[in-house]
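Single-letter residue listing:
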Amino acid sequence: MNLVIAIAGLVAPFLIINESNTQTKTINSNFTPPKMGDAAEENEIGLALAGGSIRAASSCYGVLRGFQQKRLKSSSGQDVSAMDLVKYNSGISGGTIPSILYTYAGVPVEELLEIDRTTDPSKITVEELSRMPKTSMGYVLARKPDGNKILALSVLKVLTNPLNIFRIHSLWTAILHKKFCMPLKIPKNKFFTSSKDELQDILNRNPRLKESDFLLPRDDIKAFPMILVSMLGTRADRNVYEANYRKIVEKAWEVYNVQESSGKNPDMTEIILSIRGQYGSDLPMPYVITPDCVENKYHGEVQIRNKKIDFPEKNVRPFEWGAKDGKYGRKRRFSVEFLAGMSTNFVGSAGVNKGKSTLALFLTGLRKISFNDDLSSTQRFADGGSNDLMGLIPLVDRGTKNIISVYNFNQNPPSSNFTTTYADIYKAAPCTSMDDPDFDKHFKTWLTYINPRFTCFFGFFGHGPINHANIINHIFNDPNIDHLKELMMKYNSLFEAGEPLIATLNDLEVIDNPFWGVKGGKTVNLTLMWFNLPEKFSSQIPKDAAEFTSEEFKNVPELLVDGTDALKYSQPQVNMMGYLGSWMVDHSWDGLKGLDGEVLFEGFAKIFGEK
């Protein structure tokens, strides 16, 4: 694995464009993004594409197809797809890839998502599982890099100029462009913005910039993409930022345990914010990036080298983020591949999630940020999962009423890991009713299997210390974790009935979260799509097409994600994930019931307002 990383690092310089800077006029640095929260409508829908490597991306690919295939009438009477009614498309880590490809791919959405494919499992064939058009999202997810070609070009480039080895920080961005963007005709090294009107305003203010310098979303896109990245300090601090953060977390857990043992209901966000100043206030800082704006979501003080800086910094348009004195040149532009590289760079976030990592210092996206007139610093940015694995909080902060979350990355060691299926969880905790005399025991067991990065939203932080920054993510009022109990009963009942695990937690009360700047007082309807292998799907697939005991399909949908496994998915595996995702949407459109006939999910038709 280290050899692979080293080789990839050598090739990065070969893939980077080197062009001279162009002087332009400075734009308004107080650009205001779309208003948060207050403008939310009752039927507003946001899609949260959670992280989890290419496995998560493959899951989201299928769900996007399912919603694109569904045709319905809009409030104005127009015939539209369900995706046309999604207002926000939030991507994080592995979920960033489908979010960006859906927004910017240079191919028609019908080809990108292959909406002509069946949603009937009984019609899946060997031929269809092997078919993978080069204009599809599935094709790039399964696409393998040419290692021999990469090696040859890398060595040649470094021999030509040995200093190129120091540009290893651009490695991940270059790889993503080669694997995902280039085949789908997403041009390299372009600024991006939201619309032709917005672009015209930028060009009017900056006459030396040209229309050809920018990339716009596809004309038929309605969903507003929101990508989460995490700021992790500077390369120059040699992991001091991460060390300070880990001191904060360690001390917070000590305070938490003392309060809990004394009978209090500890507020982890409050604890962390109250003690952070003793350790440099260094916390992974969330940035939400849209075509219109780079928003720093962190509220508070941070130590940058020997100075303490108040955040949030000013909101800016993406093309001016990291630029200085109006210099928006052609070199190191903040492009969509750069954004994708930041949000998916799990290696770069290793120092935060797993402890000190020298490799993490070099394999992160770098951006020079001006904090004020006297201080600027080149900051490290990496996988947004350091702050929110599921991409929920940016949607909650926007005031989105109906959130649909696609999730396929559960783990909670030692009880569960990335290969644990929901069948394993059900076997350990099969309770479906609070009338069960063993309900409390089953629920406690169930929680040991569920990712604390999810339960943190409800104020439950697991049965042991968690080291990642998601512990600052308590946003829903659920003092007795009744909503998590509801979710367990619904999921277990759906599993017994052979149905997909899709359930809505209605009217979740949002509470203040000062770290994220989230204001409480609103309610959210959260629909959770847990990618499992429902019996009603697997039993319909013809045996001569695929068997889930075979070597190729035995891990679907919990495809392996360790090391380079995520780069080895076959086209039939990715296609099967696509079929499963689109079937989940279609099959549950009008609702799902348990074995006793009780409605457990009212259906996507209700969420999308279909009569």
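Each remark here, short or long, concerns the structure printed above.
Asks: Help me understand the nonpolar core in this model?
Replies: Where a protein is soluble and globular, its nonpolar side chains tend to be buried together. By size, the foremost hydrophobic cluster in this structure holds 169 residues, and its most contacted members are F67, W321, W446, I471, F476, F604 and F608. Discounting chain neighbours no more than four positions away, the residues touching F476 are V396, F457, F458, L508, E509, V510, I511, V524 and L526. L199, I202, L209 and F319 belong to the second largest nonpolar core, which has 7 residues in total.

Asks: Explain unusual backbone geometry here, please?
Replies: Residues apart from glycine generally show negative phi values, whereas peptide bonds are mostly found in trans. Cis peptide bonds are those with omega within 30 degrees of zero, and the linkage from P413 to P414 qualifies with 5 degrees. Mapped onto the fold, P414 is located in the loop between strand 14 (402-407) and helix 16 (422-428). Looking along the chain, the bond that leaves V556 and enters P557 is cis, with omega of 5 degrees. Along the chain, P557 turns up in the loop between helix 20 (535-538) and helix 21 (571-587).

Asks: When you look at the packing of helix 3 (residues 96-104) against helix 12 (residues 336-343) in this model, what are you seeing that I'm missing?
Replies: A packed helix pair is summarised by two numbers, namely the angle formed by the two axes and the spacing between the axes. Running from N to C, helix 3 and helix 12 point in directions that differ by 165 degrees, and their axes come no closer than 10 Å. Here helix 12 runs roughly antiparallel to helix 3, going by the angle between their axes. Here the hand of the crossing between helix 3 and helix 12 comes out right-handed. For the pair helix 3 and helix 12, the contacting residues are T96, I100 and Y104 in the first and V336, L339, A340 and S343 in the second. Class assignment of the residues belonging to the contact of helix 3 with helix 12 gives a composition of 5 nonpolar, 2 polar and no charged.

Asks: Sorry if this is basic, but what is going on with the environment of K536 here?
Replies: Structurally, K536 is set in helix 20. Along the backbone, K536 and H587 are 51 residues apart, and their C-alpha atoms lie at a distance of 9.6 Å.

Asks: Any chance you could explain the pattern of salt bridges here in plain terms?
Replies: When charged atoms on two side chains of opposite charge get close, those side chains can pair. One pass over the full model with this rule turns up 21 salt bridges. Its salt-bridge partner being K87, residue E44 comes within 2.9 Å of it at the nearest N-O pair. Taken as a pair, E44 in the loop between helix 1 (2-15) and strand 1 (45-49) and K87 in the loop between strand 3 (79-81) and strand 4 (88-91) lie far apart in primary sequence, 43 residues in all. Classification of K87 as partly exposed rests on a relative accessible area of 33%. Residue R218 pairs with D220 through a salt bridge whose shortest N-O separation is 2.6 Å. The buried category is assigned to R218, whose relative accessible area is 11%. Exposure remark for D220: the relative accessible area of 31% places this residue in the partly exposed category.

Asks: Please clarify how helix 12 should be interpreted in this entry.
Replies: The α-helix winds at 3.6 residues per turn, so residues separated by three or four positions along the chain end up facing the same way. By the criterion of burial, helix 12 is predominantly enclosed, with 8 of the 8 residues buried. Buried within helix 12 are the following residues: V336, E337, F338, L339, A340, G341, M342 and S343.

Asks: What's the story with the packing of aromatic side chains in this structure? I'm lost.
Replies: The relative placement of two aromatic rings is captured by the distance of their centres and the angle of their planes. In this structure the tally under the stated criterion is 33 aromatic pairs. Centre to centre, the rings of Y491 and W530 are 6.0 Å apart; their planes meet at 85 degrees, and the pair counts as edge-to-face. With Y491 in helix 19 (residues 482-496) and W530 in strand 16 (residues 523-530), the pair connects residues that are 39 residues apart, well separated along the chain. Residue Y491 is classed as buried on the basis of its relative accessible area, which comes to 1%. A centroid spacing of 5.1 Å and a plane angle of 70 degrees characterise the contact between F601 and F604, whose relative ring orientation is edge-to-face. Of the residues examined, F601 reaches a relative accessible area of 2% and is grouped as buried.

Asks: I would appreciate a short explanation of the packing of helix 2 (residues 53-69) against helix 3 in the present structure.
Replies: Where helix 2 contacts helix 3, the two axes come as close as 8 Å, and the packing angle between them is 40 degrees. Accordingly, the angle class assigned to the pair helix 2 and helix 3 is oblique. Residues A57, C60, L64 and Q68 of helix 2 pack against I97, P98 and Y102 of helix 3. Of the residues assigned to the contact of helix 2 with helix 3, the class counts are 6 nonpolar, 1 polar and no charged.

Asks: Explain the pairing of strand 8 (residues 285-289) here, please?
Replies: Within a regular strand, the side chains alternate between the two sheet faces. Counting buried positions along strand 8 yields 5 of 5 residues, so the element is predominantly enclosed. Where burial is concerned, the two faces of strand 8 agree: the one with M285, Y287 and I289 and the one with P286 and V288 are both buried. Pairing of strand 7 (residues 224-234) with strand 8, which is carried by 5 bridges, proceeds in the antiparallel orientation. Within strand 8, the position partnered with L228 by the bridge is V288. Of the pairings in the sheet, the one linking strand 8 to strand 9 (residues 294-296) comprises 3 bridges and is antiparallel in character. Bridging from a neighbouring strand, I289 pairs with V294 of strand 9. Taken together, strand 8 and the strand that follows it, strand 9, pair antiparallel across an intervening segment of 4 residues.

Reading the values: the criteria
The residue numbers shown here count from 1 along each chain, following its written sequence. For this predicted model, a pLDDT threshold of at least 70 governs which residues receive local features, and a threshold of 80 or more governs which side-chain atom pairs are given and counted, while totals over whole chains, interfaces and linings are taken from all residues. Hydrogens and waters are ignored; side-chain quantities use all the structure's heavy atoms. Working definition of a nonpolar core: buried Ala, Val, Leu, Ile, Met, Phe, Trp, Tyr and Cys residues. They are joined through side-chain atoms within 4.5 Å. Only protein chains enter the accessibility calculation, which uses a 1.4 Å probe. A residue is then buried if its area is under 20% of the maximum for its type, exposed if over 50%, and partly exposed in between. Only heavy atoms enter the contact rule, under which two residues are in contact if any of them lie within 4.5 Å. Runs of H or I in DSSP of at least four residues are treated as helices and runs of E of at least two as strands, each being numbered from the N terminus. Axis geometry follows a simple rule: fit a line to the C-alpha atoms, using only the stretch in contact for helices, then measure angles between N-to-C directions, giving values from 0 to 180 degrees. Roughly parallel covers angles under 35 degrees, roughly antiparallel covers those over 145, roughly perpendicular covers 65 to 115, and oblique covers all other angles. Definitions for this section: a left-handed crossing has its near helix turned counterclockwise from the far helix by less than a right angle. A right-handed crossing has that turn clockwise. Any residue outside Ala, Val, Leu, Ile, Met, Phe, Trp, Tyr, Cys, Pro, Asp, Glu, Lys and Arg is labelled polar, Gly included; the first ten of those are nonpolar and the last four are charged. The salt bridge criterion pairs a side-chain nitrogen of Lys or Arg with a carboxyl oxygen of Asp or Glu, the two atoms within 4 Å. Note on aromatic contacts: the rings of Phe and Tyr and the six-membered ring of Trp form a pair at centre separations within 6.5 Å, being stacked when their planes are under 30 degrees apart, edge-to-face when over 60 apart, and tilted otherwise. Note on pairing: DSSP must find at least two bridges between two strands before they are called paired.

Don't take any of this as a statement about function, it's just geometry.
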